[in-house]
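Each chain, written out:
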Amino acid sequence: MSSTSRSTYGARAQKHPNALVRRLFEIAEAKKTNVTVSADVTTTKELLDLADRLGPHIAVIKTHIDILSDFSEATIAGLKTLAEKHNFLIFEDRKFIDIGNTVQKQYHGGVLRISEWAHIINCSILPGEGIVEALAQTASAPDFPYGPERGLLILAEMTSKGSLATGEYTTRSVDYARKYKNFVMGFVSTRSLTDVRSENSSRSEDEDFVVFTTGVNLSSKGDKLGQQYQTPQSAIARGADFIIAGRGIYAAPDPVEAAKRYQQEGWEAYLARVGAQ
Ligand code: 5BU
């Protein structure tokens, strides 16, 4: 059976070897949501206000912490408190893309202290296998204080027009995910990658990578800068386990109402996929 498509979050939570993935699926099941809001606002107040208002309706909040004009200790403390209050995970969409030695310093420490507050991070594999190895190494070091509460998504595809994250690049993303599956939770991609065939790795029986799909919007087909959208329904039918929506939610006249709508559409599409409806 294709583990990415027909099993319920609850069933996947019970079997999954990765503690953070188990927690993610448990959150989805408990809150009946597969929505990740991409909170691309530019002040801490707006970010925390959104997180608090949308918290009940989301499984994950995705940040671009470097677009905040006033990032500080209060940003970190506020995000952590709200993640506990509303039971959601924090995903920093930092897209690490450098040699191993550099990304380790960007992830753990530095001015943004990403490892301290982001449960989930992502990276491009353009630099090669070393980037995944380096991030996995940091997270499994004996003195890394956040242990099993951290995970990596490999950016295997992108939603923007003309994206070069295709073909061999995507196949290698799957190879590295398999090789570093203790730390790699899954992918940011536009579809399930379960069926990607590779000469360098093979799919194990119990393989169950999580698929996050960006570029989800109910009322627009794209923007003027190359973004391309699909609906929650189509993303989930193609294999998304979590749908990521930014402007469709935070720029709506009523973001809470919008989040509820994405929650409902995303959940119905999930129920249809697992055959519960
Ligand atoms: P939007 O407002 O829903 O278009 O925001 C999409 C978000 O997802 C935004 O934060 C992007 O940086 C992010 N994104 C994306 O749009 N496409 C991709 O392929 C990846 C990330 Br990876």
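A brief report on the enclosed structure follows.

Take the overall build of the protein chain next. Along the protein chain, the regular secondary structure elements total eleven helices and eight strands. Computed over its C-alpha atoms, the radius of gyration of the protein chain comes to 17 Å, within 12% of the 19 Å expected for a compact globule of 277 residues. A principal-axis box enclosing the C-alpha atoms of the protein chain has dimensions of 50 × 45 × 40 Å. Within the protein chain, buried positions represent 56% of all 277 residues.

Close to the ligand lie 16 residues; Asp-40, Thr-159, Gln-227, Tyr-229 and Arg-247 are nearest. Ser-38 places a side-chain nitrogen or oxygen 3.0 Å from an oxygen atom of the ligand. At 2.8 Å, a side-chain N or O of Lys-62 approaches an oxygen atom of the ligand. Contact with the protein chains hides 91% of the accessible area of the ligand, taken as 490 Å² for the molecule alone. When atoms are counted within 2 Å of each cavity's grid points, the one that captures over half of the ligand is the largest pocket. Partitioning the shell around the ligand into residue classes produces five nonpolar, six polar and five charged.

Rules used in this analysis
Residues numbered from 1 in each chain as written. Predicted model: local features only at pLDDT ≥ 70, side-chain atom pairs only at ≥ 80, totals over all residues. Heavy atoms only, no water. Helix = DSSP H or I, 4+ residues; strand = E, 2+ residues; numbered from the N terminus. Rg over C-alpha atoms; globule rule 2.2 N^0.38 Å. Buried < 20%, exposed > 50% of the residue type's maximum accessible area, 1.4 Å probe, protein only. Near = heavy atom within 4 Å. Polar contact = N/O pair within 3.5 Å; in protein donor to acceptor, adjacent residues only side chain to side chain. Areas by Shrake-Rupley, 256 points an atom, 1.4 Å probe, with all protein chains shown as cover. 1 Å grid on protein atoms, 1.4 Å probe; cavity = no way out; pocket = protein on both sides within 12 Å on 5 of 7 lines; lining within 4 Å. Sits in = over half its atoms within 2 Å of the grid points. Nonpolar A, V, L, I, M, F, W, Y, C, P; charged D, E, K, R; others polar.

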